[in-house]
Amino acid sequence: MKNKIIELSLFVIFLSLIFLSNVVTEELKNALEVFFYVLFPSIFPFFLISDLLIEYNFVYTINKIFKRVVEKVFHVGGAASFIIIMSMTSGFPSGAKYIKSLYKKDMISLEQANYLITFTHFANPLFVLTITKTIFNDIKISTIILISMYLANFIIGFIIRPKILQNKRNLEQNTIPNFSISLSNSIKSSIDLLVLILGNTCFFFLITRLISTCFNFNSYITCLLNGFFDMTKGIQSIGILSCSNLFKSILVITFICFGGINVNMQVASIISDTKIEYKNFLLGRICQVAIASFLILLYFILI
């Protein structure tokens, strides 16, 4: 039955591609514009440099700096410090990418990987501040949204942390590789992941536009529909809503923390060839939405 539903849905989309070709072309142009002008500049440099940092033992270096804090707060050691710190700055789906990479290098255990994937889902801070500025034109609200995203994940990580410290062993430094080879491998790895992101972005932009065109929803339902499928498009839709900043802020933080079906499928694809469980990521996103929304509400009540 599940396969039949998917088959029918894809056939309907196929017919739409034929009869709504102008709409399809326009929306794909929008998706490409978002990818190349918003997503690519904020993601590619982080993916590339982080891959090189892993090759050049930055995992070892950052562990020395943050080891005590991470062990005390989250009860995990080893390469977990690198995953937590780097995912905070790189933007999703980098957390899943780092977890998979270090898990395959045997630098973290499966238990650690399943734990870390619940709370290392962070949007790129530059992306958050930039895209929310166009909605609120108020740096305070943008900053509160960013802080709420971080705090919600830290609260989740602290609450569900292992009872005892895991992975107490010290990390060993790898042999320094040839830079030209490392650079080529990092570029290939980053581009492969970016192609996945591009494909997902185009697909879900197209899906949301076709649904909106066929059913002609009002602006609020269209916004929720966009945010459910694709975070970026959902946030862009918030700007046209006539509602309070509180409601807009909760919508923004919901879209960011959940990530949309787009980001969820990216994460599921990244970890599909490992034993890391996607359900841990999904449960983490649901909890993050609830906690971050409460923090936003608390801020607006107190100001």
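For the structure, see preceding data.
The shown structure was predicted, so the numbers you read here are calculated from the model rather than taken from an experiment. (Residues numbered from 1 in each chain as written. Predicted model: local features only at pLDDT ≥ 70, side-chain atom pairs only at ≥ 80, totals over all residues. Heavy atoms only, no water.)

Some remarks on the pattern of salt bridges
Line of reasoning, step 1. Taken as a whole and judged by the stated rule, the model has seven salt bridges.
Line of reasoning, step 2. Note that K100 and D273 form a salt bridge whose closest N and O atoms lie 3.2 Å from each other. A residue pair is termed long-range when its members are at least 10 positions apart, and K100 in helix α5 (residues 94-104) and D273 in the loop between α13 (260-270) and α14 (278-302) qualify at 173 residues.
Line of reasoning, step 3. Counted as one network, the salt bridges with shared partners bring together E26, E27, R209 and K233. (Salt bridge = Lys/Arg side-chain N within 4 Å of Asp/Glu carboxyl O. Helix = DSSP H or I, 4+ residues; strand = E, 2+ residues; numbered from the N terminus.)

Thoughts on the packing of aromatic side chains
Line of reasoning, step 1. In this structure the tally under the stated criterion is 19 aromatic pairs.
Line of reasoning, step 2. For the ring pair F74 and F154, a centre distance of 6.4 Å and an interplane angle of 50 degrees mean the geometry is tilted. Within this pair, whereas F74 is found in helix α3 (residues 58-74), its partner F154 is found in helix α8 (residues 139-159), the two being separated by 80 residues in sequence.
Line of reasoning, step 3. For F74, a relative accessible area of 7% puts it in the buried group.
Line of reasoning, step 4. The exposure class assigned to F154 is partly exposed, which follows from its relative accessible area of 25%.
Line of reasoning, step 5. Summarising the aromatic geometry, the rings of F228 and F229 are spaced 5.3 Å apart at their centres and angled 80 degrees between planes, so their arrangement reads as edge-to-face.
Line of reasoning, step 6. For F229, a relative accessible area of 15% puts it in the buried group.
Line of reasoning, step 7. Taking NZ or CZ as reference, K97 lies 5.6 Å from the ring centre of F47, over its face.
Line of reasoning, step 8. Lying across the ring of F205, K233 places its NZ or CZ 5.1 Å from the centre. (Phe/Tyr/Trp six-rings, centres within 6.5 Å; stacked < 30°, edge-to-face > 60°. Buried < 20%, exposed > 50% of the residue type's maximum accessible area, 1.4 Å probe, protein only. Lys NZ or Arg CZ within 6 Å of the ring centre and 35° of its normal.)

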